[in-house]
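Chain by chain, the residues:
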Amino acid sequence: MKSAMAPALSGIRVVEQGTFITGPCAGMLLADLGADVIKVESPSGDPYRSYQGGQFSPHFQAYNRNKRSLALDLASDADRALFEQLVDSADVYIQNFRPGTAERLGAGVERLRERNPRLVYGSISGFGARGPYAERPSYDSVAQALSGFLSVVVDPERPRFMGPALADAITGMYAAYGILAALVARGRDGHGSHVEVSMLEAMAHFAVEPFAAFFALGQAPRFSDRPRLAQAHILRTLDGGLIALHLSSLEKFWQELTRALGSPELTNDPRFATRLSRIEHYEALGAALDALFSQRPLQDWLATLGRHDVPFAPIQGMADVVADPQVRELGLIVPVQGAPAAPGCGTSAVRPPVQFDGERAAHVRSAPLLDEHGASIRQALGGDRGWPALAPRQVVRHPDGGKHK
């Protein structure tokens, strides 16, 4: 039997000097793939630790798993020397400071890459290193607004932000994507590179489809255009449940839906005879579907739709997702190893979504306490033994060998 493979980024060493979400998210994604990520924090810690009081908020836990923490005061000569020793043997360095801050801390790209020419240096900013907005503070909501993204997802008559910090997380993902590409390039020529991404650039690229429509058609998409063209509806059932439908552009899905509904009035209505007419009469179709779905409870509709080839799903809460049979089949929820025995410390998490040859993570390591690994890292570097080894990560092999059926 084939032995468990090493994680994809096993042996890659990352120094992450990130706070809040963008930098930590990039570091977490690399850590999830097996990189050894040392999170360098100030003596007071990443401010996200205390986002809801204490030093271990759920928000911090979300983006800092699978890492180790080392608290350093870079104003101290001894800690600065330790930081430089880490960077000298690192493959990747990540920071999400405002432009100029890293240079003031002695962690600017030119200085660190002069010390370590193989270093992939990741800079994450709000608006880029230059330009009229470069010095402005930026957070998730600001980037969503400036990039144009909000304009295509928000109803201007009732403008509301969406819940998750999309711009923060998406920027972290793009940063990790760029860093991985730089590591591949380094494998060819042996040289590191400077990877830069801003929240503005990341969110504009994330809205690439609306921009493509704007450039092609000369008009900006509206917030309602995407669901209308995708023929997507959210419908409320008799007992207050919500079902999402996405009929897309394939006629077979509309035909299957009408069979499931068994409604001659809907089937024979000329307003809904073709996809283009259903787009034209989107609001009327939504009202007709609402009237039908409000007649029966959620579970009845789920059973009915499940017997037909219709793209649908109930809108589930977090507890529903954890208990969902497909989620359980995928082993998507895994234990958190090493979680501190304190209130507010999660003992389960969503595992990394990627599988390699049918192998997936069986657990994640808890986000670290502030300076949790400081003593061992200091001792190893002081004794010229390099970074202390991590315990091997557990993986499980999918029963079908990872092949999609």
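Residues numbered from 1 in each chain as written. Predicted model: local features only at pLDDT ≥ 70, side-chain atom pairs only at ≥ 80, totals over all residues. Heavy atoms only, no water.

**Quick word on the overall build of the chain**
The helix and strand tally for the chain stands at 18 helices and 14 strands. Along the longest, intermediate and shortest principal axes, the C-alpha atoms of the chain span 80 × 55 × 45 Å. Relative to its full complement of 405 residues, the chain shows a buried share of 43%. Of the contacts formed within the chain by residues at least 6 apart in sequence, a portion of 71% connects residues at least 24 apart. Element-wise, carbon and sulfur atoms account for 57% of the exposed surface of the chain, whose accessible area totals about 21100 Å². Side-chain charges of the chain comprise 41 positive and 43 negative groups, with the mean position of each set lying 3 Å from the other. (Helix = DSSP H or I, 4+ residues; strand = E, 2+ residues; numbered from the N terminus. Buried < 20%, exposed > 50% of the residue type's maximum accessible area, 1.4 Å probe, protein only. Contact = heavy atoms within 4.5 Å. Areas by Shrake-Rupley, 256 points an atom, 1.4 Å probe, with all protein chains shown as cover. Lys, Arg positive; Asp, Glu negative; His and termini not counted. Charge placed at Lys NZ, Arg CZ, Asp CG, Glu CD.)

**Quick look at the packing of aromatic side chains**
Considering all chains together, one arrives at 12 aromatic pairs under this definition. Each residue in the set Phe20, Tyr48, Tyr51 and Tyr139 is aromatic and connected to the rest through ring pairs, giving one cluster. Here the basic side chain of arginine 296 rests over the ring of tryptophan 301, its NZ or CZ set 4.2 Å away from the ring centre. (Phe/Tyr/Trp six-rings, centres within 6.5 Å; stacked < 30°, edge-to-face > 60°. Lys NZ or Arg CZ within 6 Å of the ring centre and 35° of its normal.)

**Brief notes about the sheet that holds strand E13 (residues 364–365)**
Taking strand neighbours across the sheet as the criterion, the 3 strands line up as E11-E10-E13 in an open arrangement whose pairing is mixed. Looking at the sheet topology across the chains shown, the edges are occupied by strand E11 (348–350) and E13. Examined bridge by bridge, strand E10 (residues 333–337) and E11 share 3 bridges and lie antiparallel to one another. When the bridges of E11 are listed, proline 335 appears paired with serine 348. (Pairing = 2+ DSSP bridges.)

**Things to note about the pairing of strand E1 (residues 13–17)**
On a regular strand, each side chain points to the face opposite its neighbour's, so the side chains alternate between the two faces of the sheet. Most of E1 sits inside the fold, with 4 of its 5 residues counted as buried. In the sheet, E1 pairs with strand E2 (residues 36–41) via 4 bridges, with the strands oriented parallel. Paired with valine 14 across the two strands is valine 37, which belongs to E2. For the handedness criterion, the β-α-β arrangement of E1, helix H1 (residues 22–32) and E2 is classed as right-handed. Taken together, the 4 bridges between E1 and strand E4 (residues 92–95) define a ladder with parallel strand orientation. Its bridge partner lying in E4, valine 14 is registered against valine 92. (Right-handed = clockwise from strand over helix to strand, strands pointing away.)

**Section: the pairing of strand E7 (residues 232–236)**
The sheet contact formed by E7 and strand E8 (residues 242–246) spans 5 bridges and is antiparallel. Bridge pairing in E8 places alanine 232 opposite histidine 246.

**Overview of the sheet that holds strand E5 (residues 120–125)**
Here we have 6 strands laid out as an open sheet, ordered E3-E2-E1-E4-E5-E6, and parallel in their pairing. The open sheet has two edge strands with one neighbour each: strand E3 (67–71) and strand E6 (194–198). Each strand axis lies, on average, 20° off the axis of its neighbour in the sheet, ignoring direction. With 5 bridges connecting them, E2 and E3 associate as parallel partners. Paired with valine 37 across the bridge in E3 is lysine 67. Those strands touched by H1 are E1, E2, E3, E4 and E5, and its axis lies near 150° from that of E4. Together, E4, E5 and E6 form the strand contacts of helix H7 (residues 166–189), whose direction differs from that of E6 by roughly 160°. (Axes fitted to C-alpha atoms, helices over the stretch in contact; angles between N-to-C directions.)

**Brief notes about the packing of H7 against helix H8 (residues 199–206)**
The interhelical angle for the contact between H7 and H8, taken along N-to-C directions, is 95°, at an axis separation of 9 Å. It follows that H7 is roughly perpendicular to H8 by the angle criterion. Residues Leu166, Ala167, Asp168, Ile170, Thr171 and Tyr174 of H7 pack against Met199, Ala202, Met203, His205 and Phe206 of H8. Taken together, the residues that form the contact of H7 with H8 break down as 8 nonpolar, 2 polar and 1 charged. (Parallel < 35°, antiparallel > 145°, perpendicular 65-115°, else oblique. Nonpolar A, V, L, I, M, F, W, Y, C, P; charged D, E, K, R; others polar.)

**Some remarks on the environment of valine 153**
If you trace the backbone, valine 153 turns up in the loop between helix H6 (140–146) and H7. Separated by 72 residues in the primary sequence, valine 153 and aspartate 225 have C-alpha atoms spaced 9.2 Å apart. Contacts of valine 153, omitting those with residues within four sequence positions, involve Met162 and Phe223.

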